Amino acid sequence: MLTMMRPFLLALALTSLVPTPAHAQFTERVQTGARVRVWIPEAYLQEQGPWRRLQLRATLAGMSDDTLHLTVPGTLGALAVPRSAIRRLDVSKGPPSRVESAVERAIGFALAGAISAAVSNDPASTEWPHYNRTWRAAEVGAKFGAALGAVVGFVLPTERWRRVRLPR
């Protein structure tokens, strides 16, 4: 029985080692009409953004097996970006609601405020924070941070992105 299965096992092993065209294709999470952020190589070091990477935000106009066709705001026509040039691909989840953004930022700013107030607390100082207990300084710092974060999050909700893992 084992001798009868050897050709089958050999064929199975060989087919698993052969590259398939599916590795060059894009995943199902990237749909036409979606807002995407594509990171492609940049020859020169830029001041803002990731080093030696160009962040391109666009709408996906279409795609083939190995190319994304993007519509960049303010331009005419579609830009073709080959799959081999893409270093990272993100799909927009859209901006959050103002309330959701305010809560998220309030939590983040509260943590930052608590840590900074606790670290800089000096009971002998006359400048803020000068609490006898470090936890009290952290509490007050968290309150100020949460209030500031809620205002910033409500006024400035930012677009959120989900990374799409592309097979190499």
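Fair warning: this is a prediction, and the values are worked out from it, not measured in the lab. (Residues numbered from 1 in each chain as written. Predicted model: local features only at pLDDT ≥ 70, side-chain atom pairs only at ≥ 80, totals over all residues. Heavy atoms only, no water.)

Q: What is the right way to read the overall build of the chain from this model?
A: Secondary structure assignment for the chain yields 3 helices and 6 strands. Counting across all 168 residues of the chain, residues that qualify as buried make up 27%. For the chain, restricting intrachain contacts to residue pairs at least 6 apart in sequence, the fraction spanning at least 24 positions comes to 60%. Just so you have it, the chain exposes about 11,600 Å², and 63% of that area is on carbon and sulfur atoms. (Helix = DSSP H or I, 4+ residues; strand = E, 2+ residues; numbered from the N terminus. Buried < 20%, exposed > 50% of the residue type's maximum accessible area, 1.4 Å probe, protein only. Contact = heavy atoms within 4.5 Å. Areas by Shrake-Rupley, 256 points an atom, 1.4 Å probe, with all protein chains shown as cover.)

Q: Looking at this structure, I do not really get the pairing of strand β2 (residues 53-63). What am I missing?
A: Regular strands place their side chains on alternate faces of the sheet. As defined by bridge partners, strand β1 (residues 35-41) adjoins β2 across 7 bridges and the pair is classed as antiparallel. Along β2, the bridge assignment pairs valine 36 with alanine 58. As defined by bridge partners, β2 adjoins strand β3 (residues 67-71) across 4 bridges and the pair is classed as antiparallel. Within β3, the position partnered with leucine 60 by the bridge is leucine 70. Taken together, β2 and the strand that follows it, β3, pair antiparallel across an intervening segment of 3 residues. (Pairing = 2+ DSSP bridges.)

Q: Help me understand the sheet that holds β2 in this model?
A: Hydrogen bonds along the backbone pair up the strands of a sheet, which may run parallel or antiparallel. Read from one edge of the open sheet, 6 strands run β4-β3-β2-β1-β5-β6, paired in antiparallel fashion. Looking along the sheet, the strands with just one partner apiece sit at the ends: β4 (79-82) and β6 (160-164). Strand-to-strand, the axes of this sheet are offset by a mean angle of 45°, without reference to chain direction. (Axes fitted to C-alpha atoms, helices over the stretch in contact; angles between N-to-C directions.)

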